[in-house]
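# A look at the structure
Next come the chains, spelled out residue by residue.
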Amino acid sequence: MLAIIGGSGLSKLGSLKNIQRKTARTPYGAASAALTFGRIGERDVIFLARHGDGHTIAPHEVNYRANVWALKKAGASEVLSIATVGGIAAALGPGVLVVPHQIIDYTWGRASTYFEGKGKAVQHVDFTEPYSRELRKKIMAAARSCRQKIRDKGVYATTQGPRLESAAEIERLARDGADLVGMTAMPEAALAREISLQYAALAVVANYAAGRGDSRRAIPLEKIPAVLDEAMGRVRRIIEELCK
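The next thing to look at is the overall build of the chain. Helix and strand counts for the chain come out as five helices and 13 strands. What you see for the chain is a C-alpha radius of gyration of 17 Å, in line with the 18 Å of a compact globule of 244 residues. For the chain, the proportion of its 244 residues judged to be buried stands at 54%. When the 35 basic and 24 acidic side-chain charges of the chain are each reduced to a single mean position, those positions are 3 Å apart.

Next comes the structure, spelled out in structure tokens:
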């Protein structure tokens, strides 16, 4: 079953049919919101709003362990994360869709593993390729099938939030090799790997990152809602194609 985690700009899926909502409780506490079960086309889908139904949970306050665990327990085998990001690379301006292939983690203080606690054995997971190659290919194929422009590959820098970054911080991320900056890829991706979920992201560039493009002196926050409204329409079309 496919699970979709909606981020900023995608708090629900209008294309879901035969909807049922179920509260998700886990050994790690409650998920961000009730799980929404339904169908898109011929495929069963689970949807979860990462930031809660009313977008009230900040990135550093999301219970990532509960969210990912709840999706696995509900029967998901694949997880598509919809992520709103800032563009660091010059080619990644507002409205561009990207399927990232790598992550750099700059977060701190987040509960980031299931392998901890008294009496639990230490376990290590390979994270060389943090995103599922197979699921990334499926997303790219779906985009091509519905003729939506999308960029293959990008390095996603995950920052703590909720504030946006300074221009100097973005310069540092660029030197480190980052193309995109967001706040939710970690520990979500690592947790999915720990419990054998195929995980990939579809990133929507909402704005140029600080110090870049039209964000050179300040990020034009007032432009972001219109960018996301248009871009999420394309994201929904890709999701519908993915579910065929």
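Bringing the side chain of H51 into the picture now. Looking at the element boundaries, H51 is found in the loop between β6 (43–49) and α1 (64–73). Polar contacts involving the side chain of H51 include one to the main-chain carbonyl oxygen of I57, which spans 2.8 Å.

All told, the structure shown has four aromatic pairs when counted by the stated rule. For the pair W69 and Y114, a centre-to-centre distance of 5.3 Å together with 55 degrees between the ring planes defines the contact as tilted. Of the two residues, W69 is situated in helix α1 and Y114 in the loop between β9 (102–105) and α2 (133–145); the sequence distance between them amounts to 45 residues. Feature note: the residues Y28, W69 and Y114 constitute an aromatic cluster, connected by ring pairs. The residue whose ring lies beneath K22 is F37, and the NZ or CZ to ring-centre distance is 5.1 Å.

Next up on the list: helix α5 (residues 224–242). Counted at 1.5 Å a residue, the expected span for α5 with its 19 residues is 27 Å, and the 26 Å between its end C-alpha atoms agrees. Within the span of α5, buried status applies to I224, V227, L228, A231, M232, G233, R234, V235, I238, I239 and L242.

Summarising the element assignment, G7 is placed in the loop between β1 (2–6) and β2 (17–22). We classify G7 as buried; its relative accessible area is 5%. Discounting residues that sit within four places of it in the chain, G7 has contacts with R50, H51 and I82.

Here we take up the pairing of β6. In the case of a regular strand, side chains alternate between the two sheet surfaces. Burial of β6 is extensive: five of the seven residues sit out of reach of the surface. Where β1 meets β6, five bridges bridge the pair, whose relative direction is parallel. Looking at β6, one finds that I5 is bridged to L48. Relative to β6, strand β5 (residues 35–40) runs antiparallel, the two sharing five bridges.

Looking now at unusual backbone geometry. A cis amide bond, omega 0 degrees, links G161 with the succeeding residue P162. Along the chain, the position of P162 falls in the loop between β11 (155–158) and α3 (167–176). In this structure, K153 is a non-glycine residue whose phi angle is positive, near 85 degrees. Assignment of secondary structure puts K153 in the loop between β10 (151–152) and β11. The backbone phi angle of S196 is positive, close to 60 degrees, even though this residue is not glycine. With respect to the element layout, S196 can be found in the loop between α4 (188–194) and β13 (198–208).

Below, the discussion takes up the nonpolar core. Residues I4, L80, I82, I150, L202, I238 and I239 are the most contacted members of the largest nonpolar core, which totals 43 residues. Looking at this core, the element that brings in the most residues is α5, giving eight residues. Among residues more than four places away in sequence, those in contact with I150 are L97, V98, V99, I139, M140, A143, L202 and I238. The next biggest cluster of nonpolar side chains, apart from the first, holds 39 residues, and it includes V62, V68, A76 and V98.

As a further point, take the pattern of salt bridges. The full count for this structure, using the stated rule, is 15 salt bridges. Between R133 and E129 there is a salt bridge, with its nearest N and O atoms 2.3 Å apart. The residue R172 makes a salt bridge to D176 at a minimum N-O spacing of 3.8 Å. In this pair, R172 and D176 are both assigned in helix α3, four residues apart and thus about one turn of the helix distant. On the accessibility criterion, R172 (45% relative accessible area) is partly exposed. Taking relative accessible area as the criterion, D176 reaches 39% and is therefore assigned partly exposed. Each member of the salt-bridge network shares a partner with another, and the members are R39, E42 and D44.

Rules behind the numbers
- Residues numbered from 1 in each chain as written.
- Predicted model: local features only at pLDDT ≥ 70, side-chain atom pairs only at ≥ 80, totals over all residues.
- Heavy atoms only, no water.
- Helix = DSSP H or I, 4+ residues; strand = E, 2+ residues; numbered from the N terminus.
- Rg over C-alpha atoms; globule rule 2.2 N^0.38 Å.
- Buried < 20%, exposed > 50% of the residue type's maximum accessible area, 1.4 Å probe, protein only.
- Lys, Arg positive; Asp, Glu negative; His and termini not counted.
- Charge placed at Lys NZ, Arg CZ, Asp CG, Glu CD.
- Polar contact = N/O pair within 3.5 Å; in protein donor to acceptor, adjacent residues only side chain to side chain.
- Phe/Tyr/Trp six-rings, centres within 6.5 Å; stacked < 30°, edge-to-face > 60°.
- Lys NZ or Arg CZ within 6 Å of the ring centre and 35° of its normal.
- Expected span 1.5 Å × (residues − 1).
- Contact = heavy atoms within 4.5 Å.
- Pairing = 2+ DSSP bridges.
- Core = buried A, V, L, I, M, F, W, Y, C linked by side-chain atoms within 4.5 Å.
- Salt bridge = Lys/Arg side-chain N within 4 Å of Asp/Glu carboxyl O.

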